[in-house]
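Residues per chain are reported as follows:
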Amino acid sequence: MAAYRSAESVTGPAAGLVEARRRAFIMSVLPPVRKDRVISQLPKCFSKGATLHTEDGFNAKVKTACQEQRTGTVGFKISKVIVVGDLAVGKTCLINRFCKDVFDKNYKATIGVDFEMERFEVLGVPFSLQLWDTAGQERFKCIASTYYRGAQAIIIVFDLTDVASLHHTRQWLEDAMKENDPTSVLLFLVGTKKDLISPAQYSFNEQDAIKVAQEMKAEYWAVSALSGENVREFFFRLASLTFEANVLAELEKSSSRRIGDVIKISNTTSNLYATSKKKQSNCCQ
Ligand SMILES: Nc1nc2c(ncn2[C@@H]2O[C@H](COP(=O)(O)OP(=O)(O)OP(=O)(O)O)[C@@H](O)[C@H]2O)c(=O)[nH]1
Ligand SMILES: [Mg+2]
């Protein structure tokens, strides 16, 4: 108990001040959250048959933690999202439509990687995403793959008008997963260029896409960067689910830290005794 009290006094007010300064610094460096990036409800999925997250709202524990401002470091972290898929499927256009609200009809291959920062406010808590746009061209793949590590979400993109690009998504996922933790990363399978196919053709292709998404345990979306259809909805959903996962991880970490502290104190006491006894006996040998 004495050890616990002394640890508390070291990490108490002084540490609180350091943390407050650190947070104030981060807030001053990061751009403010735009009014149109505020999320107060969990956005709906694209298709109930192709998502692992079927709940209608945010997790109750997450909502309470946000209300009580118990989200720990979530508001100061930047979550990494990587975007992978064949060349020219529309990865850059998708990101540019959301982040800059622009669309370029001319193809300019991404060389290596590029990234965009997006700031949100979810349930009153600031939340930042770093969107890593990777190159689909084979010759840049080895550069791009060095940026795969540490992703909290992976967006695997294919072109709705090109069946081969859907089949290649399995390989893209496999490569991205080599560098990431399959138990914690969120997956999204996104079909682009929805504006280029007829509703009948789309319905036909969708069945295949949903099958692949289910196999991958990914959430499926169909979007158009040209018209903007579903682009904002998709990124809001991704930001919300990533935020929710972060808060849940933070809550788990803080509760296990509390349990861990108690165990550590009793362990330390008994270990000290055991160690000194052992030393004594060694000494006498
Ligand atoms: N009609 C239509 N064209 C699109 C859409 N999205 C992308 N394109 C076009 O598809 C081509 C490739 O788009 P990019 O976004 O550069 O493709 P990418 O996946 O980033 O390609 P890499 O960087 O080489 O991997 C461009 O000519 C875009 O204008 C879309 O939603 N609709
Ligand atoms: Mg690109």
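Residues numbered from 1 in each chain as written. Chains lettered and ligands numbered in written order. Predicted model: local features only at pLDDT ≥ 70, side-chain atom pairs only at ≥ 80, totals over all residues. Heavy atoms only, no water.

Quick note on the threshold: UniProt positions are given in the numbering used here, feature names are shortened, and annotations may be inferred rather than shown by experiment.
The name recorded for the chain in an unreviewed UniProt entry is Ras-related protein Rab-34, from Pangasianodon hypophthalmus. Recorded in UniProt for the chain, the comment headed Subunit (unreviewed entry) runs: "Interacts with RILP. The GTP-bound form interacts with REP15." Under the UniProt heading Cofactor (unreviewed entry), the note attached to the chain is "Mg(2+)".

Observations regarding the coordination of the magnesium ion (ligand 2)
Ideal values for angles at a metal depend on the geometry: 109.5 degrees with four tetrahedral donors, 90 or 180 degrees with six octahedral donors. Applied cut-off: For Na, K and Ca the donor cut-off is 3.2 Å, while for other metals it is 2.8 Å, and in both cases only N, O and S atoms qualify; water is not among them, so sites may look incomplete. The helix and strand labels rest on DSSP assignments: H or I over at least four residues marks a helix, E over at least two residues marks a strand, and numbering proceeds from the N terminus. When a residue's accessible area, from a 1.4 Å probe over protein chains only, is under 20% of the maximum for its type it is buried; when over 50% it is exposed; and in between it is partly exposed.
For the magnesium ion (ligand 2), every protein donor is listed as Thr92 (OG1) and Thr110 (OG1), and the spread of their distances is 2.0 Å. Highlighted residues: Thr92 in helix α4 (residues 91-100) and Thr110 in the loop between α4 and β3 (113-122), separated in sequence by 18 residues. For Thr92, a relative accessible area of 26% gives the class partly exposed.

Comments concerning the side chain of Lys91
Stated precisely, the cut-off is as follows: Residues scored as charged are limited to Lys and Arg (positive) and Asp and Glu (negative), so that His and the chain ends carry no count. When a carboxyl oxygen of Asp or Glu lies within 4 Å of a side-chain nitrogen of Lys or Arg, that pair is called a salt bridge. Pairs of N or O atoms within 3.5 Å make up the polar contacts considered here, provided that, within protein, one atom can donate a hydrogen while the other can accept it, and that residues adjacent in sequence are counted only when both atoms are side-chain atoms. The contact criterion used throughout is that any non-hydrogen atoms of two residues lie within 4.5 Å.
Summarising the element assignment, Lys91 is placed in helix α4. Despite its burial, Lys91 pairs with no opposite charge; the closest candidate is Asp133, at 5.7 Å N-O. Only 2.8 Å separates the side chain of Lys91 from the backbone oxygen of Asp86, close enough to count as a polar contact. Filtering out sequence-adjacent residues up to four positions away, Lys91 remains in contact with Val83, Val84, Gly85, Asp86, Asp133, Thr134, Ala135, Gly136 and Val157.

Focus: the packing of aromatic side chains
Selection criterion: Each aromatic pair joins two rings of Phe, Tyr and Trp (for Trp, the six-membered one) with centres within 6.5 Å, and gets the label stacked for planes under 30 degrees apart, edge-to-face for over 60, and tilted for any other angle.
Under the counting rule described, the total for this entry stands at 12 aromatic pairs. With a centroid separation of 6.1 Å and an interplanar angle of 15°, the aromatic rings of Phe98 and Phe120 are classed as stacked. Taken as a pair, Phe98 in helix α4 and Phe120 in strand β3 lie far apart in primary sequence, 22 residues in all. Each member of the pair, Phe98 as well as Phe120, carries the same accessibility label: buried. Here Phe98 and Phe236 contribute two aromatic rings whose centre-to-centre distance is 6.3 Å and whose plane-to-plane angle is 85°, an arrangement assigned as edge-to-face. Within this pair, whereas Phe98 is found in helix α4, its partner Phe236 is found in helix α9 (residues 231-284), the two being separated by 138 residues in sequence. Taken as a pair, Phe98 and Phe236 share a single burial class, namely buried. Cluster of aromatic residues (ring-pair linked, three or more members): Phe46, Phe98, Phe120, Phe188, Tyr220, Trp221, Phe234, Phe235 and Phe236.

Topic: the sheet that holds β3
Convention followed: Note on pairing: two strands pair once DSSP finds at least 2 bridges between them.
Taken in spatial order, the 7 strands of this open sheet run β1-β3-β4-β2-β5-β6-β7, and their pairing is mixed. Bordering the open sheet on either side are β1 (38-39) and β7 (219-222), each of which pairs with just one other strand. Here β1 pairs with β3 via 2 bridges, running parallel. Counterpart to Ile39 in the pairing with β3 is Val122.

Side note on α4
α4 sits mainly inside the fold: 7 of its 10 residues count as buried. Buried within α4 we find Lys91, Leu94, Ile95, Asn96, Arg97, Phe98 and Cys99. One or two steps after α4, the chain reaches Asp101, where phi turns positive at roughly 50°.

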